[in-house]
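Summary of the model geometry
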Amino acid sequence: MTQEKEKDKKEKRILKINWQAMAVPLLAIFTALVLGALIIAFTDETVYAAFRESGFFGGIGRAVEVIRIAYGALFIGAFGDPKLLWEAIVHGDGEAFTQAIYPFTETLRVTTPYIFAGLAVALGFQGGLFNIGAEGQYFIAGLATVFVGYSLKGVPAIIHLPLALLAGIAGGAFWGAIPGYLKAKTGAHEVINTIMMNYIAFRFAEFMLDVGGPMARPDSFRPVSPEIEPSAYLPQFFPSNSAIRFNWGFFLALAAAAFVGWLLYKTTLGYEIRTVGQNPHAARYAGISVPKTIILTMAISGGLAGLAGATDILGVLHFMPNAFASGYGFDAIALALLGKSNPVGVVLASLLFGALRAGARYMQGIAHIPLDITSILQGVIIVFIAAPEIIQTLYRLKQKIEGEEGVVFTRGWGQM
Amino acid sequence: MPPVLELKGITKRFPGVLANDHIDLTLNEGEVLALLGENGAGKSTLMNILYGLYTPDEGEVYIRGKKVEIEGPSDAIAQGIGMVHQHFMLIPVLTVTENVMLGMESVKYGLFLDQAKAAKRVAELSHKYSLDVDPDALVGDLPVGIQQRVEIIKLLYRSADILILDEPTAVLTPQEVEGLFEVIRSLVAQGKSIIFISHKLKEVLEISDRIVVLRRGKVVGETRPQESDERKLAAMMVGREVILQVPKGPAHPGEKVLEVEDLYVLNEQEQIAVDGISFSVRAGEIVGVAGVQGNGQTELVEALTGLRPIVEGTIRVAGQEVTNATPRTITEAGTAHIPEDRQRDGLVLSYPIADNLILNTYYLPPVAKGMVMQREVIFSIAERLVKEYDVRTPSILTPAGNLSGGNQQKVIVARELSRPVKLIIASQPTRGLDVGSIEYIHSQLVKKRDEGVAVFVVSAELDEIMSLADRIIVMFEGKIMDIVPAEKATKEELGLLMAGVHPTDAAAEAEKEAVA
Amino acid sequence: MRKHFLAFVSLLILVSMVLTACGGKATEAPATEAPTQESGYRHIKVGMVTDMGGIDDKSFNATSWKGVERAIQELGIEGSYLESQQQTDYATNITQYINQKVDLIITVGFLLADDTAAAAKEHPDINFAIVDFAYDPPIDNVRGLTFSIDQAGFLAGYVAAAATKTGKVATFGGINIPPVAAFMVGFESGVNYYNEKHGTSVEVLGWNTAENNGVFVGNFESTDDGRRTAEEFMSEGADVIMPVAGPVGLGSAEAVKQHGDAWIIGVDTDWTVSASEYKDIILTSVLKNMDVAVFDTIKMVASPDFEGFHGETYVGTLENGGVGIAPVAAGAVSDDVLKELEDVKAGIISGEIDTGWSSYLASLSN
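Every value quoted in this text rests on a predicted model; they were computed, and no experiment measured them. (Residues numbered from 1 in each chain as written. Chains lettered and ligands numbered in written order. Predicted model: local features only at pLDDT ≥ 70, side-chain atom pairs only at ≥ 80, totals over all residues. Heavy atoms only, no water.)

1. Some thoughts on the overall build of chain B
Each helix and strand counted, chain B has 18 helices and 24 strands in total. Radius of gyration (C-alpha) of chain B: 25 Å, near the 24 Å computed for a compact globule of 516 residues. Each principal axis of the C-alpha atoms in chain B carries an extent, and together these give about 70 × 70 × 50 Å. Counting only residues that meet the buried cut, chain B has 54% of its 516 residues in that class. A total of about 22,500 Å² of accessible surface is found on chain B, and carbon and sulfur atoms cover 52% of it. Averaging the positions of the 53 positive and the 74 negative side-chain charges in chain B gives two centres separated by 5 Å. (Helix = DSSP H or I, 4+ residues; strand = E, 2+ residues; numbered from the N terminus. Rg over C-alpha atoms; globule rule 2.2 N^0.38 Å. Buried < 20%, exposed > 50% of the residue type's maximum accessible area, 1.4 Å probe, protein only. Areas by Shrake-Rupley, 256 points an atom, 1.4 Å probe, with all protein chains shown as cover. Lys, Arg positive; Asp, Glu negative; His and termini not counted. Charge placed at Lys NZ, Arg CZ, Asp CG, Glu CD.)

So, in structure tokens, the structure goes:
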């Protein structure tokens, strides 16, 4: 009985810590949305016009209206219009239903690569490594995936798809392991090396895909790869509606998050990774091979980033263009920070960013708010997360949550 | 005349802890007041209140009879209170003067830093209080003892007349401690008042005018050095009689467990740190290494435990050659290692105690089955060890970093000694610990010896080595000066050996001089 | 302080919410709507999807949008754009316009070719146009907007030959692909035509049509490559340089501005406008008038008797104004040359003057 109680207490404690840890991110998001609303109102000419013509309250009214339209569009763009959804359900109209949930499927589709890339960076953080190279790993994985995707012909999907995914993982892992190896063997800092590896990846992709390049589409004047075989496609969820690009990649991403959580907190390898991340001296003392662990961490991290590229190609694009992605690698850092390097946190953060991105697209179309507003929102959220004191003072939160297991994001320059 | 400083009924609560419980304290002008107490007794909390880092829940502070509210360090400085922390707040790449000026820059023409003026003032202060600090030296080039004086100058520069020194001797060599005491005497001679925080009984007896002892947040006694001695102070601190000398019977050495032959090891600067030494440690005996810090002891231990490459020579543990083996191989050969820097090497401070207790067994059954770690097993091991080794912690999930130094060391000792080991290598096992913890750790090491384990202890405290070891190795400049049986060793003899002089030579020398 | 500020803001929001609720009338968000105009054109909806460069790229996207704006003004249509940040955004943006049931979707640049084609095949009832690309075979409801840029390059070559004092002019490209080579082929032919006319022997560095070979930096990004290449050309004595590699050319312009007595010829857009910091050293620019092409397409769709593109491709020429050159820098060439330029232009339009492009293309397929 007492044991039961003990266990109960432990679990409660864990829950409590999680809740407290959530307070700052949630308030950061809320504050960012408030700031975003102010920016939207302050940059809208009609608001100024209303102030001039209808006085103070007219201006405020217009401002509220503008914000309502913008955020309404943001919401509908991210989750769909509840009214349409309700009508579709009431009428049992299948087509209208897929139409109505389309925005939400887009959110999940955007979320997919975010989860993979965010997990990649988060795993690196846990191991004390700053993997800025997710973008490059994404590129190399894309090349590997698309090559397997188009060059193998007549292979059944049950073999072709896993092979293509594995190629992506292997490509990303290889690209991540190189800076890992350099760090482990020479102490060269991974921040610099992953950035450099990004450039090499971009140029390598350019070489492979440029017109006349080894992987370029024959007879095309565009720098793109051939289309992959349908046998390598990640299955779509709504094949009837080609606009909906939501595919099994999302569940692969959730599985990856579960895997990373299991790896980090339940296995000896995870213990090694976290120990090296928290205190490499103690890791060495404990008999853990620090170089081996660094290389492995970077390889797994790269493999995860690679899956972002692989699922984008196998599930969405079905070919690889030069100038493939923009900014996943850097958004991933934000995601890992926002998710506190915790797999569940990363999934939630990715959903938020995915919703913001998908919603902003619609907001741009409906309310004519530039896409950059999402970058501002994301940036503001990250600033608040990185400097929690701002939020803590703003909302009079209690300082410093005791017993919280902090994650060392990185150690200083040049340190092992 | 009212006292310089008076605290009345200071109380501070932290969640679950009453850190300060109605503490009354007075400090008179020109006095050295020692604040003595075990780690966690509430000394630091009290001083942080005085320095404005914490606000007390109850109680009042009077300075020269006037009630004051101290809301932050700047208030404290304005009231003439200055504090030297255990960890210095200096910028190594700046000069002494620049460090002293920082935050209180002298300015000329309203814009330019007036370094010359500041340097002059630093030189004056240095001279006045016999601090002997060069204003133009780079702080990073200075030894720790001098850096501490720079901290003191910083306070004097800000016209502090109440100086709080928080464990100032913890980082100093014995010679530097002597130097610090001279500085303290010079300061009080010129009217400054000093609060000296320590848990080292000898030092407190030597330097203070009055001693206040804290235990569990309360003042439990006040005394004067001339009325007290180490035993009495220790009893006051711990609340019971403390055995300062570990009781131990004669050793019964068995076969050789650790064998070192002709060992050469380099230090970070690629210079020879361990210079061709050979020795052995037998089962059932404690071999201690005495020596002034920096004579190759650290490198020797690191080489023995696989953390530092060996240039030449061989090491065997229980007959198995482990020269240049990995730390894991050496551990698996039956070695326990209590590292010199417990926070850097011995613990992951952010980890819960439970995770720290499996730091070198995490991959072995029953802690792990294959790759999967067994949470329940880990918890039950942790619960057992925490009880067995008397680790004082609210929970096995408390991060190791939240424990006091003594409890942190107990976690390491619990982890290392609970394994079936043949050899224990302990480096500075009691550095920075309070009397109670020291007593505990010493008794554990002796217990292991009596169980037939070979114990190898390195310590900078000669007293510790003399009371613990059966045989004493004295190291000087990477070489073994001599190996002496503990019962025959005298402090004087060891002191000479530590300085690199053979007593017989010294005697001959003295004779020669007498003849001449 | 902050607390008070927050409280104040929330109060304001609350009050104004109540007020608007009382006021009742919610106003519609203003789209870029046209002044109503009796133009005889249908009031169609046009959506433009940019590539990753964004609407302010001072290049393809910006110029194409200019065409839409002109159509809003002159034809009274309704137009808007959606920016893309990633490759995967293209399809999303196209889908959004399809859901909004616009009449014409204009996509900018070859990067959108796959997504445009897929959407066009899926929705044969919607009209598409894609800037600077044409499908082979053509898609029935897509109008490819292409440009005979060799014609404009020819004029630029003629001007360059007239402007040079050293007798050497130069050009270089990003990658040797037909859309880039077209500038250079026309340029070389223009120089040769000037030589023929005036008995001069101006030399072209960096491109040789007969050998299909020249100087290519290998990318469309590195301004540093542009700077270095321009410096090499200048050290070889060239005093007119035409970089055909997008922003790479800005590096060349910088090199010329810093330490060169030379001219730069801009490409795609008028660089005295889009890169105005270099306007003193821009001889002229070879223009791809995407706005003309876009406007032409919108006009076609908006006209009452429009019945579909039928896979037709728009080709911008000197004749229809789809390509051209920007005004030549004052004093760079004599007025006589400017007058000759009009004749040359007429000659190209009538077909009397050959830009060398068709024979070059023929040589490629051999």
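Having put the structure on the table, let's press on.
2. Side note on the pairing of strand β13 (residues 313–316) of chain C
Residue and element names in this part refer to chain C. In β13, alternate side chains face the same way, and those of Y314 and G316 are buried while those of T313 and V315 on the opposite face are not. Note that strand β5 (residues 142–147) and β13 share four bridges and pair parallel. If you follow F147 over to β13, its bridge partner there is G316. (Pairing = 2+ DSSP bridges.)

3. Observations regarding the interface of chain A and chain C
Taken together, the contacts link 48 residues of chain A with 44 residues of chain C. Counting each side, the surface lost to burial between chain A and chain C is near 4,000 Å², with a carbon and sulfur contribution of 57%. At the junction of chain A and chain C, the tally comes to three salt bridges. Salt-bridge contacts for R361 of chain A lead to D89 of chain C; the nearest nitrogen and oxygen are separated by 3.0 Å. Every element with two or more residues in the side of chain A that touches chain C is listed here: α2 (45–79), α4 (94–126), α7 (190–209), α11 (290–317), α13 (343–367) and α15 (388–394) of chain A. Per-element accounting of the side of chain A that touches chain C gives the leading share, 10 residues, to α2 of chain A. When the residues that make up the side of chain A that touches chain C are grouped by side-chain class, the tally is 21 nonpolar, 11 polar and 16 charged. (Contact = heavy atoms within 4.5 Å. Buried area = accessible area lost by both parts, 1.4 Å probe. Salt bridge = Lys/Arg side-chain N within 4 Å of Asp/Glu carboxyl O. Nonpolar A, V, L, I, M, F, W, Y, C, P; charged D, E, K, R; others polar.)

4. Looking at the domain arrangement of chain B
Residue and element names in this part refer to chain B. We note that the domain assignment places domain 1 (5–238), domain 2 (244–334 + 420–516) and domain 3 (342–419) within chain B. Taken over C-alpha atoms, the centre of domain 2 sits 27 Å from the centre of domain 3. Taken residue by residue, the interface counts 17 residues in domain 2 and 16 residues in domain 3. Summing both sides of the interface, domain 2 and domain 3 together bury roughly 1,300 Å²; the carbon and sulfur share of this comes to 57%. (Domains from an automatic or database assignment.)

5. What about the pattern of salt bridges?
All chains considered together, the criterion is met by 47 salt bridges over all chains. We note a salt bridge from D21 of chain B to K218 of chain B, for which the minimum N-O separation is 3.7 Å. A residue pair is termed long-range when its members are at least 10 positions apart, and D21 of chain B in strand β2 (residues 17–27) and K218 of chain B in strand β12 (residues 218–223) qualify at 197 residues. Judged by relative accessible area, which is 17%, D21 of chain B ranks as buried. On the accessibility criterion, K218 of chain B (42% relative accessible area) is partly exposed. As a salt-bridge pair, R64 of chain B and E29 of chain B come within 3.7 Å of each other at their nearest N and O atoms. Taken together, the residues span a long stretch of sequence, with R64 of chain B in the loop between β4 (58–63) and β5 (66–68) and E29 of chain B in the loop between β2 and β3 (32–37) at a distance of 35 residues. A single network of salt bridges, built from pairs that share partners, joins D224, D225, R227, R228 and E231 of chain C.

6. Some points on helix α5 (residues 149–163) of chain C
With 15 residues, α5 of chain C should cover 21 Å at 1.5 Å per step; its first-to-last C-alpha distance of 21 Å lies within 8% of that length. Burial runs high along α5 of chain C: 15 of the 15 residues are buried. (Expected span 1.5 Å × (residues − 1).)

7. Considering the nonpolar core
Proteins that are soluble and globular tend to have nonpolar side chains buried together. L119, L143, L314, M320 and M363 of chain A are the most contacted members of the largest nonpolar core, which totals 98 residues. Sort the elements by how many residues they give to this core and α4 of chain A lands first, with 14 residues. Those residues in contact with L314 of chain A that lie beyond four places of it in its chain are T145, L161, A164, L165, I228, A232, Y233 and L234 of chain A. With 97 residues, the next largest nonpolar core counts V131, V256, V286 and F295 of chain C among its residues. (Core = buried A, V, L, I, M, F, W, Y, C linked by side-chain atoms within 4.5 Å.)

8. Brief notes about the sheet that holds strand β17 (residues 320–321) of chain B
Residue and element names in this part refer to chain B. Reading across the sheet, the four strands line up as β14-β13-β16-β17 and stay open at both edges, with antiparallel pairing between neighbours. Each having just a single partner strand, β14 (272–282) and β17 make up the two edges of the open sheet. Of the pairings in the sheet, the one linking strand β16 (residues 312–317) to β17 comprises two bridges and is antiparallel in character. Across the sheet, V317 pairs through a bridge with Q320, a residue of β17. Against the sheet, helix α9 (residues 297–304) engages β13 (256–266), β14 and β16, with an angle of about 120° to β13. (Axes fitted to C-alpha atoms, helices over the stretch in contact; angles between N-to-C directions.)

9. Let's talk about the sheet that holds strand β10 (residues 240–244) of chain C
Residue and element names in this part refer to chain C. Here six strands make up an open sheet; going across it, the order is β7-β6-β10-β11-β12-β14 and the pairing mixed. The sheet is open, and its two borders are formed by β7 (203–205) and β14 (323–325), each paired with just one other strand. Averaged over all neighbouring strand pairs, the angle between strand axes comes to 15°, with direction disregarded. Across the face of the sheet, helix α6 (residues 178–198) comes into contact with β6 (168–173), β7, β10, β11 (263–268) and β12 (282–288) while running at roughly 170° to β6.

10. Quick notes on the domain arrangement of chain C
All names here are of chain C. Here chain C is described as being made up of domain 1 (45–148 + 292–316) and domain 2 (149–287 + 324–365). Here the C-alpha centroids of domain 1 and domain 2 sit 29 Å apart. Carbon and sulfur atoms supply 51% of the area that domain 1 and domain 2 bury against each other, a total of about 480 Å² over both sides. Counting the surface domain 1 buries against domain 2, the share from its top three residues, K58, F60 and S148, is 75%. Taken together, the connections running from domain 1 to domain 2 amount to zero salt bridges. Linking domain 1 with domain 2 are three residue pairs in polar contact (both at pLDDT 80 or more), by the criterion used here. For the side of domain 1 that touches domain 2, a count of residues per class yields two nonpolar, three polar and one charged. (Polar contact = N/O pair within 3.5 Å; in protein donor to acceptor, adjacent residues only side chain to side chain.)

11. Things to note about the side chain of E302 of chain B
Tracing the sequence through the fold places E302 of chain B in helix α9. Those residues in contact with E302 of chain B that sit more than four places away from it in its chain are L307, R308 and R344 of chain B.

12. Section: the packing of aromatic side chains
A full pass over the atoms with the stated rule returns 37 aromatic pairs over all chains. On the numbers, 5.5 Å between centres and 40° between planes, the contact of F237 of chain A with F251 of chain A is tilted. Of this pair, F237 of chain A sits in the loop between α7 and α8 (249–266) while F251 of chain A sits in helix α8, placing them 14 residues apart in sequence. A ring pair is formed by F279 of chain B and F456 of chain B, whose centres lie 5.2 Å apart and whose planes are at 10°; its orientation type is stacked. Of this pair, F279 of chain B sits in strand β14 while F456 of chain B sits in strand β22 (residues 454–458), and the two are 177 residues apart along the sequence. For the pair shown, F279 of chain B and F456 of chain B are each scored as buried. A connected cluster of aromatic rings, assembled from ring pairs, spans F237, F238, F246, W248, F250 and F251 of chain A. (Phe/Tyr/Trp six-rings, centres within 6.5 Å; stacked < 30°, edge-to-face > 60°.)

13. Notes on the environment of G140 of chain B
On the secondary structure map, G140 of chain B appears in the loop between α4 (115–128) and α5 (144–157). Taking the C-alpha atoms as reference points, G140 of chain B and F476 of chain B, separated by 336 residues in sequence, lie 26 Å from one another.

14. So, the interface of chain B and chain A
Each partner contributes to the interface: chain B provides 36 residues, whereas chain A provides 27 residues. Summed over both sides, the interface of chain B with chain A buries roughly 2,700 Å², with 56% coming from carbon and sulfur. The largest contributions to the chain B side of the interface with chain A come from Y351, Y362 and M371 of chain B, which together make up 23% of the buried area. The interface formed by chain B and chain A contains 16 residue pairs in polar contact (both at pLDDT 80 or more). Broken down by element, the residue count for the side of chain B that touches chain A peaks at four residues, all from helix α11 (residues 342–346) of chain B. Considering only residue class, the side of chain B that touches chain A consists of 19 nonpolar, eight polar and nine charged.

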